[in-house]
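Here is what each chain is made of, one letter per residue.
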Amino acid sequence: MKKGMVRRIDELGRIVIPKEMRKRLKMKEGESISFFIEDDTLMLKKYSEIEGINETVETLIRVLYEKYQNSILVTNNERILYCSEDILGKYQRKPLSQQFISSMDYDKQDMTLEIIEDKVEKHVYIYPFQVEGSVIGSLCILIKKTPYHIIDEKIIGFVIELIEKEILSCV
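Presented here is a report on the structure given in the accompanying data block. Just so it is clear, the structure is predicted and the values come from calculations on it, not from any experiment.

Here we look at helix H2 (residues 54-68)
Moving on, step 1. Here H2 spans 21 Å end to end across 15 residues, near enough to the 21 Å set by a 1.5 Å rise per residue.
Moving on, step 2. For H2, the full list of buried residues reads Val57, Leu60, Ile61, Leu64, Tyr65 and Tyr68. Buried residues along H2 cover an arc of 130° about the axis, so they all sit on one side. When the buried face of H2 is taken as reference, the exposed residues oriented beyond 90 degrees from it are Glu55, Glu66 and Lys67.
Moving on, step 3. Of the residues one or two after H2, Gln69 is the one with positive phi, at around 60°.

Considering a nonpolar patch on the surface
Moving on, step 1. A surface patch of nonpolar side chains, about 670 Å² in accessible area, is lined by Ile9, Ile15, Phe35, Ile37, Leu42 and Leu44.
Moving on, step 2. With respect to the helices, strands and loops of the structure, Phe35 is situated in strand S1 (residues 33-38).

Brief notes about the nonpolar core
Moving on, step 1. If you look at the biggest cluster of nonpolar residues, it comprises 24 residues, and the most contacted ones within it are Tyr127, Leu139 and Ile156.
Moving on, step 2. Of all the secondary-structure elements, those providing two or more residues to this core are H2, strand S3 (71-75), strand S4 (80-83), strand S6 (119-131), strand S7 (134-142) and helix H5 (153-170).
Moving on, step 3. Among residues more than four places away in sequence, those in contact with Leu139 are Leu64, Ile72, Leu73, Val74, Tyr125, Ile126, Tyr127, Phe129, Ile156 and Ile160.
Moving on, step 4. Ranked by size, the runner-up nonpolar core spans 16 residues in total, among them Ile80, Ile87, Met104 and Ile116.

A word on the side chain of Ser138
Moving on, step 1. With respect to the element layout, Ser138 can be found in strand S7.
Moving on, step 2. Overall, Ser138 belongs to the buried group, its relative accessible area being 0%.
Moving on, step 3. A distance of 2.8 Å separates a polar atom in the side chain of Ser138 from a polar atom in the side chain of Thr75.
Moving on, step 4. Apart from the residues within four sequence positions on either side, Ser138 is in contact with Leu73, Val74, Thr75, Phe100, Met104, Ile126, Tyr127, Pro128 and Phe129.

Quick notes on the rules
Residues numbered from 1 in each chain as written. Predicted model: local features only at pLDDT ≥ 70, side-chain atom pairs only at ≥ 80, totals over all residues. Heavy atoms only, no water. Helix = DSSP H or I, 4+ residues; strand = E, 2+ residues; numbered from the N terminus. Expected span 1.5 Å × (residues − 1). Buried < 20%, exposed > 50% of the residue type's maximum accessible area, 1.4 Å probe, protein only. Arc of directions from axis to C-beta. Patch = residues over 30% accessible without salt bridge, like charges linked within 9 Å, V, L, I, M, F, W, Y side chains within 5 Å. Areas by Shrake-Rupley, 256 points an atom, 1.4 Å probe, with all protein chains shown as cover. Salt bridge = Lys/Arg side-chain N within 4 Å of Asp/Glu carboxyl O. Core = buried A, V, L, I, M, F, W, Y, C linked by side-chain atoms within 4.5 Å. Contact = heavy atoms within 4.5 Å. Polar contact = N/O pair within 3.5 Å; in protein donor to acceptor, adjacent residues only side chain to side chain.

Put into structure tokens, the structure is as follows:
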């Protein structure tokens, strides 16, 4: 059994998540938590709005990859959640580099960027997901075969808007 901490449940059913655990999970005030029950164990997990819409995201990634033959990533603010099949082994579920996280606030542009530690890519375009004024993740295109000027901005804009609406419907 894993070593844990003990906390009391108050009269309203609340518990305090210890500061050490919140810090390790990079949890901030106001963020959401998912609850799961497995056998007789209650599990808590930091909630990611994007993870709640996996079928939609996986379909969109597949369609974009088939159309443009460029690698596609979908991230939250900490890690890569989904990616096109050509880069699954290289990027799937990996934590984002600090350089990538800070780049999510910029407008799309052609960048050379460290996506995860020690994995630098050229010709990276990041499209942030904004929900209620906050960046909660991004769609990232790694230009491999189809030059950026061939990619239809309206299609990318539609995909971003669809993902943002799906996220809002899950919140």
